[in-house]
Amino acid sequence: MSLSTLIVDESVKKSLLERWTKMRGHQRVTTNVKLLVEWEEGQTPQHVHAVTVDVSNSGCKAVVAGDLHLHQRVKLVHAATGRKADAQVVWRGHEAWDAGFALEQPDPTFWG
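What counts, and at which threshold
- Residues numbered from 1 in each chain as written.
- Predicted model: local features only at pLDDT ≥ 70, side-chain atom pairs only at ≥ 80, totals over all residues.
- Heavy atoms only, no water.
- Salt bridge = Lys/Arg side-chain N within 4 Å of Asp/Glu carboxyl O.
- Helix = DSSP H or I, 4+ residues; strand = E, 2+ residues; numbered from the N terminus.
- Buried < 20%, exposed > 50% of the residue type's maximum accessible area, 1.4 Å probe, protein only.
- Contact = heavy atoms within 4.5 Å.
- Pairing = 2+ DSSP bridges.
- Phe/Tyr/Trp six-rings, centres within 6.5 Å; stacked < 30°, edge-to-face > 60°.

Asks: What is the right way to read the pattern of salt bridges from this model?
Replies: In the structure shown here, the tally under the stated rule is five salt bridges. Put simply, Glu38 and Lys84 hold a salt bridge, and the shortest N to O gap is 3.9 Å. Taken together, the residues Glu38 in strand E2 (residues 34-41) and Lys84 in strand E6 (residues 84-92) connect sequence positions 46 residues apart. Here Glu38 falls in the partly exposed class, since its relative accessible area comes to 25%.

The structure is reproduced here in structure tokens:
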């Protein structure tokens, strides 16, 4: 690979990163927050454990120990504080355990 190819590749990476950063509604912070994700299937309460990869005022990306569906409405329970927040699954990764959640009411204090 030539030097000019590397320079172009780095320029493209930087441009894409800047573009994605501008598209995000809130700045993300890398942190591990333990969560319980709750929802109901019919009348039956369900829950799985999760841990965040990153968080923002409006939601988080997390590793989830269960199969959630895109657009599913859930309740996130902060394990350390017991605080609860209504959220929706807005992203699913290629791996079954990656999920993105958008808080119904953005709250920068939820994550602690």
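Asks: Sorry if this is basic, but what is going on with the environment of Arg28 here?
Replies: On the secondary structure map, Arg28 appears in the loop between helix H1 (3-23) and strand E1 (29-30). If we ignore the near neighbours within four places in the chain, the residues touching Arg28 are Asp54, Val55, Ser56 and Lys61.

Asks: How should I be thinking about the pairing of E6 in this particular structure?
Replies: Looking down a regular strand, the side chains alternate between one sheet face and the other. Relative to E6, strand E5 (residues 73-78) runs antiparallel, the two sharing five bridges. Among the inter-strand pairings, Arg73 is bridged to a residue of E6, identified as Gln88. In this antiparallel pair of consecutive strands, E5 and E6, the connection spans five residues, and Gly82 shows a positive phi of 80 degrees. Here E6 runs beside strand E7 (residues 98-103); their pairing, made up of five bridges, is antiparallel. The residue bridging Trp91 from the neighbouring strand is Gly100, located in E7. Where E6 hands over to E7, the hairpin turn is made up of five residues, counted between the paired strands.

Asks: Help me understand the packing of aromatic side chains, please; the structure alone is not making it clear to me.
Replies: Each aromatic ring pair is characterised by the separation of its centres together with the angle its planes make. Taken as a whole and judged by the stated rule, the model has one aromatic pair. Judged by centre distance (4.9 Å) and plane angle (80 degrees), the ring pair of Phe110 and Trp111 falls under edge-to-face. Taking the relative accessible area as the measure of exposure, Phe110 reaches 1% and is therefore buried.

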